[in-house]
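# Geometric and topological summary
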Amino acid sequence: MKSYNYELDFSRIKDIRIKRNLSQKEIADYLNINQSTYSKFELNKATIPIELLNKLSNYYNVSLDYLLKITDNPDITIKNKEIDKKLVGENLKKIRKDNKLYQETLAKEIGTSHSLISEYESGKKLVSLTYGYAICMRYHISLDVLYGKIKHL
């Protein structure tokens, strides 16, 4: 299985936190995690689960794309605050079909299995941030669109 390593950059979460005069402990408490875990996110030593990144997006009222430096525009109107696995699965399927790909082909292109793509598309599992980011970078799609925070494709 071929693996694609799209580099996630979490440095903006630190920048926003500092600009708002918040401590790591305050943000960690909001996320209901240990401060040491949150610190690893800011240092790019651990990947933030999409659910926590979404919580930060809602807290700071900015898009997922802005948090991950996909865009420099913080003023994006977010329609949905919560992530719905079924909607994400539908969005993923539309992205795949729009790019004329089979599940197996998409899986190979992002370095995962056909069965995981199937579970994502059926809404059984939520697309992980790592694979979601890889899909968005490869097919030039907004994370906010994939995760259903803004209008469907």
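Details of the structure are given in the entry above.
Right, let's walk through the structure included here. Predicted, not measured: the structure shown is a model, and the values here were computed from it.

One non-glycine residue, Asn21, lies in positive phi territory at about 55°. On the secondary structure map, Asn21 appears in the loop between helix 1 (11–19) and helix 2 (24–31). Positive phi is not limited to glycine here, since His140 has a value of about 55°. Summarising the element assignment, His140 is placed in the loop between helix 9 (129–139) and helix 10 (143–146). Overall, His140 belongs to the exposed group, its relative accessible area being 72%.

Helix 3 (residues 35–42) packs onto helix 1 with a crossing angle of 115° between their chain directions and a minimal axis gap of 7 Å. Across the interface between the two elements, Ile13, Lys14 and Arg17 from helix 1 touch Tyr38, Phe41 and Glu42 from helix 3. By residue class, the composition of the contact of helix 1 with helix 3 is three nonpolar, no polar and three charged.

Pairing of side chains with opposite charge becomes possible as their charged atoms draw close. Scanning the model with the defined rule gives nine salt bridges in all. Among the salt bridges present, the one from Asp9 reaches Lys69, with a minimum N-O distance of 3.7 Å. Taken together, the residues Asp9 in the segment before helix 1 and Lys69 in the loop between helix 5 (64–67) and helix 6 (85–98) connect sequence positions 60 residues apart. Looking at Asp9, the relative accessible area reads 25%, which means it is partly exposed. Look at Lys69 and you get partly exposed, because its relative accessible area is 37%. Glu121 is the salt-bridge partner of Arg96, the closest N and O atoms lying 2.5 Å from each other. Linking Arg96 in helix 6 with Glu121 in helix 8 (residues 114–121), this pair joins segments that are 25 residues apart in sequence.

About the cut-offs
Residues numbered from 1 in each chain as written. Predicted model: local features only at pLDDT ≥ 70, side-chain atom pairs only at ≥ 80, totals over all residues. Heavy atoms only, no water. Helix = DSSP H or I, 4+ residues; strand = E, 2+ residues; numbered from the N terminus. Buried < 20%, exposed > 50% of the residue type's maximum accessible area, 1.4 Å probe, protein only. Axes fitted to C-alpha atoms, helices over the stretch in contact; angles between N-to-C directions. Contact = heavy atoms within 4.5 Å. Nonpolar A, V, L, I, M, F, W, Y, C, P; charged D, E, K, R; others polar. Salt bridge = Lys/Arg side-chain N within 4 Å of Asp/Glu carboxyl O.

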